[in-house]
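# A closer look at the structure
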Amino acid sequence: MRNSSIIIPKPGQVQVPARSRKLVKAYKFERTQQEITEVELNRAKIVMIDENGNMKRIPILAEH
């Protein structure tokens, strides 16, 4: 049997700078806020008021 001289280092804890952790946390938070905003926009109803004061709904997207 042959002995190998290739040494593979064991994966260890990688030190992530505090600044990077803050950026990752901020990105995830803003992504969540964007998803909430998109849901709210999808549920919005747009209405138009004519010259007599009557509201008329404008269907832009058909809902399921």
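Residues numbered from 1 in each chain as written. Predicted model: local features only at pLDDT ≥ 70, side-chain atom pairs only at ≥ 80, totals over all residues. Heavy atoms only, no water.

## Side note on the overall build of the protein chain
Assigned secondary structure in the protein chain consists of 1 helix and 2 strands. Counting helices and strands in the order they occur from the N terminus, the protein chain gives α-β-β. A total of about 7,300 Å² of accessible surface is found on the protein chain, and carbon and sulfur atoms cover 57% of it. (Helix = DSSP H or I, 4+ residues; strand = E, 2+ residues; numbered from the N terminus. Areas by Shrake-Rupley, 256 points an atom, 1.4 Å probe, with all protein chains shown as cover.)

## Digging into the confidence of the model for the protein chain
When pLDDT is averaged along the protein chain, the result is 76; 80% of the residues meet or exceed 70. Put simply, strand β1 (residues 47–49) is where the protein chain has its lowest mean pLDDT, 78, and helix α1 (residues 18–42) is where it has its highest, 81. (pLDDT = per-residue confidence, 0-100.)

## Some words on a nonpolar patch on the surface
On the surface, I46, M48 and I58 cluster together into a nonpolar patch covering about 260 Å² of accessible area. Considering the arrangement of structural elements, one finds M48 in strand β1. (Patch = residues over 30% accessible without salt bridge, like charges linked within 9 Å, V, L, I, M, F, W, Y side chains within 5 Å. Salt bridge = Lys/Arg side-chain N within 4 Å of Asp/Glu carboxyl O.)

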